[in-house]
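# Structure assessment
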Amino acid sequence: MSETAYSPVSQHLSDLEAAREEGRRKMDWALQHMPILNALREEFVDERPLEGETIAMAMHVEAKTANLVELLADGGAEVAITGCNPLSTHDDVSAALDTHESITSYAVRGVDDGEYYDAMHACIAHEPTITVDDGMDMVKLVHEEYPELVDSIVGGAEETTTGVDRLRAMDADGELHYPVFAVNDTPMKQLFDNVHGTGESSLATIAMTTNLSWAGKNVVVGGYGQCGKGVAKKASGQNANVIVCEVDPRKALEAHMEGYEVLPMVEAAKKGDVFITTTGNRDVITREHFEEMQDGVLLANAGHFDVEVNLEHLDDLAVDRYEVRDGVEGFEMPDGRVLNVIAEGRLVNLAAPIALGHPVEVMDQSFGVQAVVVRELAANGERYEAGVHDVPDELDREVADIKLAAEGVEYDDLSDEQREYMGSWEHGT
């Protein structure tokens, strides 16, 4: 395979040693609060289950992710990693990763679209046997431009809702040619990362970026999936008034039964102080909504890609746009209203200047699932046909058991009689 001209992060930074030192400091702090990865590290170092594998990753390159990357490398793999969002990379963490003899990091913060994909090409040039994605860009690129690699890739793992949705569409079209585990859909991800992680980190990032309170504000949540539920729950817990916008009648009804006001976006636009999109879809907030909004509103996106708030429409309407404060851009309307966009409409909890992503403990769980899934692919990849696969339940439970043991929490088990009863159709009244 031809080599790419794109260089690892170490060739993009001016004060490399200082960056590496600060990146390692961030990683060490996070690792202190990641008991699952610590437990798996002992196993991976002793047993080297990934020996001989080459892993290409497109992830949010920050301290928590970096500890997963090092775990995979310490388990025997050669790892090449780049970012999955131009604004979520921490250059110092990327530099620290690149010092590992089995890791090459191409992740650099603030790259343009061309550089973003150049770095991804550089990862694929390592000829991976396993891919790990957050958003599916890596899988797509492999299939479209490197079909010769597909037969040598044993499988992949996908972290987020948007990526799994794209993979299922690809699979339905018969275009996904190796197995990929939908890590996003497993309980240890859905119940914690999507609800508590997205809810807490999105609201904390917006509050710190703007220095504004949630109390008494009308917060409009676009989408009531797991992430939207988390945002709504946490906003309500900080004394905001929550309005939910949905396209699914069951989710709209669920939000209504949870006590939230449910409105079409065009009506919510008239009432909202803060708008947070969580759908994974495009054009959740568009021209007709901007025209109804009040002066001073905050617009933020907690979905993977920067397509939920239509900034082209907003720019067309604006007579001026300018930086209001670090991480916030104001769009002035012809009538003098200013609509404020946080983090360029990108994933707010990772792309804002001060963003740190999900809490450490939450990502420990999700990355624990990633690690055991990669271990499963290395050991048993040939058992899985091309397509999207659920994470085997025993692997998800393994991660939960590690976490409970670390927390000192004990729980009950079924008796033999209970197992027999639950597994039989013959018992009745």
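Values in this document were obtained by computation on a predicted structure and should not be read as measured data.

Reading the values: rules and limits
- Residues numbered from 1 in each chain as written.
- Predicted model: local features only at pLDDT ≥ 70, side-chain atom pairs only at ≥ 80, totals over all residues.
- Heavy atoms only, no water.
- Helix = DSSP H or I, 4+ residues; strand = E, 2+ residues; numbered from the N terminus.
- Expected span 1.5 Å × (residues − 1).
- Buried < 20%, exposed > 50% of the residue type's maximum accessible area, 1.4 Å probe, protein only.
- Arc of directions from axis to C-beta.
- Contact = heavy atoms within 4.5 Å.
- 1 Å grid on protein atoms, 1.4 Å probe; cavity = no way out; pocket = protein on both sides within 12 Å on 5 of 7 lines; lining within 4 Å.
- Points joined across faces, edges and corners; volume = space filled by probe spheres on them.
- Nonpolar A, V, L, I, M, F, W, Y, C, P; charged D, E, K, R; others polar.
- Domains from an automatic or database assignment.
- Pairing = 2+ DSSP bridges.
- UniProt positions renumbered as here; feature names shortened; annotations may be inferred.
- Axes fitted to C-alpha atoms, helices over the stretch in contact; angles between N-to-C directions.
- Parallel < 35°, antiparallel > 145°, perpendicular 65-115°, else oblique.
- Left-handed = near helix turned anticlockwise from the far one by under 90°.
- Buried area = accessible area lost by both parts, 1.4 Å probe.
- Polar contact = N/O pair within 3.5 Å; in protein donor to acceptor, adjacent residues only side chain to side chain.
- Core = buried A, V, L, I, M, F, W, Y, C linked by side-chain atoms within 4.5 Å.
- Right-handed = clockwise from strand over helix to strand, strands pointing away.

What follows is about helix 1 (residues 16–32). Given a rise of 1.5 Å per residue, 17 residues ought to cover 24 Å, and the 25 Å separating the end C-alpha atoms of helix 1 matches this to within 8%. L16, A19, G23, M27, A30 and L31 are the residues of helix 1 that are buried. Each buried residue of helix 1 sits inside an arc of 100° when the element is viewed along its axis, so together they form one side. Opposite its buried face, helix 1 presents the exposed residues E17, E21, R25, W29 and Q32, each directed more than 90 degrees away. For helix 1, the secondary structure elements touched by its buried residues are helix 2 (35–47), helix 3 (63–74), helix 4 (91–97) and helix 15 (360–380).

Let us now look at the layout of surface pockets. The calculated volume of the largest pocket comes to roughly 920 Å³. Going through the elements one at a time, helix 3, helix 7 (161–172), helix 8 (187–210), helix 9 (226–237), helix 14 (348–351) and helix 15 are the ones with two or more residues in the lining of the largest pocket. Per-class residue counts for the lining of the largest pocket are 14 nonpolar, 22 polar and twelve charged. No fewer than three residues from each of domain 1 (9–189 + 359–407) and domain 2 (194–351) sit in the lining of the largest pocket.

With that settled, the discussion passes to helix 16 (residues 393–407). The terminal C-alpha atoms of helix 16 lie 21 Å apart, and with 15 residues this matches the ideal 21 Å at 1.5 Å per residue to within 8%. Those residues of helix 16 that fall on the buried side of the exposure criterion are L395, D396, V399, I402 and K403. Buried residues of helix 16, seen end-on, are gathered within an arc of 120° and therefore sit on one face of the element. Across from the buried face of helix 16, at angles greater than 90 degrees, the exposed residues are E394, R397 and A405. Of the surrounding elements, those touching the buried residues of helix 16 are helix 2, helix 8 and helix 15.

With burial as the criterion, each face of strand 11 (residues 298–301) is covered, one bearing L298 and A300 and the other bearing L299 and N301. Two elements, strand 10 (residues 274–277) and strand 11, share four bridges in a ladder whose sense is parallel. When the sheet's bridge partners are listed, F275 is paired in strand 11 with L299. In this sheet, strand 14 (residues 338–342) lies alongside strand 11 in parallel orientation, the contact comprising two bridges. Residue pairing for strand 14: L299 is matched across the bridge by V341.

As a further point, take the UniProt feature "domain: S-adenosyl-L-homocysteine hydrolase NAD binding" (unreviewed entry) in the chain. This chain's UniProt record puts "domain: S-adenosyl-L-homocysteine hydrolase NAD binding" (unreviewed entry) on residues 194–355. Taken end to end, residues 194–355 has its terminal C-alpha atoms 17 Å apart, with 37% of it in helix and 22% in strand.

If you walk across this open sheet you meet the eight strands as 9-8-7-10-11-14-13-12, and the pairing is mixed. Single-partner strands in this sheet number two, and they are strand 9 (261–262) and strand 12 (320–325). Relative to strand 9, strand 8 (residues 241–245) runs parallel, the two being bridged by two bridges. Bridge assignment links I243 to a residue of strand 9, and that residue is E261.

So, on to the packing of helix 3 against helix 15. In the contact formed by helix 3 and helix 15, the axes pass within 10 Å of each other and the chain directions differ by 25°. One way to sum up the angle between helix 3 and helix 15 is to call them roughly parallel. With respect to the hand of their crossing, helix 3 and helix 15 are arranged in right-handed fashion. Across the interface between the two elements, K64, T65, L68, L71 and L72 from helix 3 touch V360, M363, F367, Q370, A371 and V374 from helix 15. A breakdown of the residues in the contact of helix 3 with helix 15 according to their chemical character gives eight nonpolar, two polar and one charged.

As assigned here, the chain comprises domain 1 (9–189 + 359–407) and domain 2 (194–351). Of note, the centres of domain 1 and domain 2, computed from C-alpha atoms alone, are 29 Å apart. Listed by partner, the interface residues are 19 residues for domain 1 and 14 residues for domain 2. Carbon and sulfur atoms make up 55% of the area that domain 1 and domain 2 hide from each other, which totals about 1300 Å². Looking at the side of domain 1 facing domain 2, the largest losses of area belong to L87, T162 and P359, adding up to 35% of the total buried there. In this structure, the connection of domain 1 to domain 2 is made through four residue pairs in polar contact (both at pLDDT 80 or more). Looking at the side of domain 1 that touches domain 2, its residues break down into five nonpolar, eight polar and six charged.

Let's shift gears to empty space enclosed by the protein. The full count for this structure, using the stated rule, is one cavity of 30 Å³ or more. Here the largest cavity defines a volume of roughly 60 Å³. Sorting the residues of the lining of the largest cavity by element identifies strand 2 (78–83) and helix 5 (113–124) as the ones contributing at least two each. Split into classes, the residues belonging to the lining of the largest cavity amount to eight nonpolar, four polar and no charged.

Judged by nonpolar contacts, the single largest core of 48 residues is most densely connected at I55, M57, L72 and V79. With nine residues, helix 15 is the single largest residue contributor to this core. With residues up to four places along the chain from it excluded, the contact list for I55 reads L50, L72, A77, E78, V79, A80, P128, I130, V132 and V374. By size, the runner-up hydrophobic cluster in this structure holds 36 residues, among which are A19, V111, V139 and A182.

This next bit is on the pairing of strand 4 (residues 130–133). Residues I130 and V132 line one face of strand 4 and the alternating positions T131 and D133 line the opposite face, and both faces are buried. Strand direction decides the pairing type here: strand 1 (residues 54–59) and strand 4, joined by four bridges, are parallel. Opposite M57, over in strand 4, you have V132 as the bridge partner. Two strands pair when backbone bridges link them, and strand 4 and strand 5 (residues 155–158) are joined in this way by four bridges, in the parallel orientation. Paired with T131 across the two strands is G156, which belongs to strand 5. Handedness of the β-α-β unit built from strand 4, helix 6 (residues 137–145) and strand 5 comes out right-handed.

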